[in-house]
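A structural walkthrough
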Amino acid sequence: MEYLLIIISAIFVNNILLAQFLGICPFLGVSNKLSTATGMSGAVCFVITLATVVTYLLNTYVLVPLGLTFLQTISFILVIAALVQMVEIVLKKVSPGLYQALGIFLPLITTNCAVLGVALTVVTKEFAFGGSAHMLNLAESTVYALATSIGYGLAMILFAGLREQLAGNDVPKPFKGLPIALITVSVMAMAFLGFSGMV
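By convention here, each chain's residues receive numbers from 1 onward along its written sequence. Only residues with pLDDT of 70 or above have their local features reported here, since the model is predicted, and side-chain atom pairs are shown and tallied only from 80 upward, although totals for entire chains, interfaces and linings are computed over all residues. The side-chain figures draw on all heavy atoms in the structure; neither hydrogens nor water molecules are used.

Strands are runs of DSSP state E lasting at least 2 residues, helices are runs of H or I lasting at least 4, and numbering of each runs from the N terminus. On a plain count of helices and strands, the chain comes out with nine helices and two strands. Overall, the chain shows an N-to-C arrangement of helices and strands of α-α-α-α-α-α-α-β-β-α-α. The reference for a compact globule is 2.2 Å times residues^0.38; the radius of gyration itself is calculated from the C-alpha atoms. A globule of 199 residues ought to have a C-alpha radius of gyration of about 16 Å, and the chain, at 18 Å, matches this closely. Counting only C-alpha atoms, the chain reaches 60 × 45 × 25 Å along its principal axes. Across the chain, the mean location of the 7 positive side-chain charges is 17 Å away from that of the 6 negative side-chain charges. Charge convention: Lys and Arg are scored as positive, Asp and Glu as negative, and His as well as the terminal groups of each chain are ignored. Note on charges: their place is set at NZ of Lys, CZ of Arg, CG of Asp or CD of Glu.

In this section: the layout of surface pockets. A cavity, in this analysis, means grid points on a 1 Å lattice covering only the protein atoms where a 1.4 Å probe fits yet has no way out; a pocket is instead an open set bounded by protein on both sides within 12 Å along at least five of seven lines, and a residue lines either one if it has an atom within 4 Å of a point. Grid points are joined across faces, edges and corners, and a volume is the space filled by probe spheres set on the points. For the largest pocket, the calculated volume is near 190 Å³. Every residue along the wall of the largest pocket is listed here: Asn 32, Arg 163, Glu 164, Leu 166, Ala 167, Asn 169, Val 171, Lys 176, Gly 177, Ile 180 and Ala 181. When contributions to the lining of the largest pocket are tallied by element, the ones reaching two or more residues are helix H8 (138-167) and helix H9 (178-193). Counting residues per element, the lining of the largest pocket draws most heavily on H8, at four residues.

Printed below as a string of structure tokens:
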């Protein structure tokens with residue numbers, strides 16, 4: 001039951017894009033086409049989940065025992081940068097089309113605050129489930145990271161679909177482009193707010 005609460009909370013209630021406003025730059029930049037948004041969502045999902053597992057283990061077995069928790073942020077950034085380089089190399093070999101479509105936004109995953117935000121949240125924040133607050137263990141952290149990245153992908157893909165629909169509509173000139181995109185995001189955020197009563 002606890003894992004189900006983590007999943008629902010991370011995907012719908014505390015969506016990292018629409019409730020916590022982390023990772024907005026690639027969200028707005030890559031969401032013009034559904035295909036690139038899907039590819040970026042997959043890459044971010046992989047990086048968030050893997051980075052959370054690696055940083056959790058690094059924090060638990062190296063930084064905390066040695067009293068080096070003040071190095072969390074810098075060491076987490078280094079881990080994330082290395083993982084993004086790995087994803088970039090794999091995408092270049094496996095899917096050159098997707099690699100070209102993502103362009104500058106693939107290296108931007110390194111500085112995507114959503115990736116670092118999830119890694120830091122898992123090791124610093126106490127979560128309240130079932131009436132008691134506790135730190136997440138490795139399995140719960142992995143589920144939380146995966147669910148958070150799925151929520152990120154869901155919001156990005158939905159937004160990309162809406163932007164494609166808006167491109168074909170007659171939008172008033174002052175609202176064309178980014179203004180209508182921001183209005184659309186705000187409506188999406190209000191719609192996701194409706195899930196807050198679930199958990």
